[in-house]
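# Tertiary structure, described
Chain by chain, the residues:
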Amino acid sequence: MTSSLIVAMVALAVAALAFAQSRRTARQLAQITEMYWQLKFDHGELKAKVDPSAPAVPKPKETFVPLTQLKRPS
């Protein structure tokens, strides 16, 4: 009877330690996840500041091309 009581107490202590460790790990995971998303957001903001906006495409010049220049001799 006393041996089963000792085993039950040890099992209860191990379960309590495992529960405490799992809560600590969950809290660390939440903190790391928050840090990841903050870093991703900051990176996007910095990238937007560094990347210059695309230069405007210059308007093509309108020129006259005679049709005789377009014909190819066969």
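The structure this text deals with has already been given above.
All of these numbers come straight from a predicted model, not from anything done at the bench.

What counts, and where the lines are drawn
- Residues numbered from 1 in each chain as written.
- Predicted model: local features only at pLDDT ≥ 70, side-chain atom pairs only at ≥ 80, totals over all residues.
- Heavy atoms only, no water.
- Helix = DSSP H or I, 4+ residues; strand = E, 2+ residues; numbered from the N terminus.
- Rg over C-alpha atoms; globule rule 2.2 N^0.38 Å.
- Buried < 20%, exposed > 50% of the residue type's maximum accessible area, 1.4 Å probe, protein only.
- Areas by Shrake-Rupley, 256 points an atom, 1.4 Å probe, with all protein chains shown as cover.
- Lys, Arg positive; Asp, Glu negative; His and termini not counted.
- Charge placed at Lys NZ, Arg CZ, Asp CG, Glu CD.
- Phe/Tyr/Trp six-rings, centres within 6.5 Å; stacked < 30°, edge-to-face > 60°.
- Patch = residues over 30% accessible without salt bridge, like charges linked within 9 Å, V, L, I, M, F, W, Y side chains within 5 Å.
- Salt bridge = Lys/Arg side-chain N within 4 Å of Asp/Glu carboxyl O.

The subject of this paragraph is the overall build of the protein chain. Check the secondary structure of the protein chain and you find two helices and zero strands. In terms of C-alpha radius of gyration, the protein chain reaches 36 Å, well past the compact-globule figure of 11 Å for 74 residues. Along the first, second and third principal axes, the C-alpha atoms of the protein chain reach 115 × 35 × 10 Å. The buried share among the 74 residues of the protein chain stands at 0%. As displayed, the protein chain offers around 7,900 Å² of accessible surface, 68% of which is attributable to carbon and sulfur atoms. Within the protein chain, the 5 negative side-chain charges are centred at a point lying 8 Å from the centre of the 10 positive side-chain charges.

With that out of the way, let us pick up the packing of aromatic side chains. Enumeration according to the criterion identifies one aromatic pair in this entry. An angle of 75° between the planes, with centres 5.0 Å apart, marks the rings of Y36 and W37 as edge-to-face.

Here we take up the environment of S53. Of note, S53 is situated in the loop between α1 (2-50) and α2 (67-70). It is 40 Å that separates the C-alpha atoms of S53 and L67, two residues lying 14 residues apart in sequence.

Attention now goes to a nonpolar patch on the surface. There is a patch of nonpolar side chains on the surface, built from L5, M9 and L12 and spanning about 330 Å² of accessible area. Within the fold, M9 resides in helix α1. Residue M9 is classed as exposed on the basis of its relative accessible area, which comes to 52%.

Attention now goes to the environment of F19. Mapping F19 onto the fold places it in helix α1. You can call F19 exposed: its relative accessible area is 53%. Sequence spacing of F19 and Y36 is 17 residues, and the spatial spacing of their C-alpha atoms is 26 Å.

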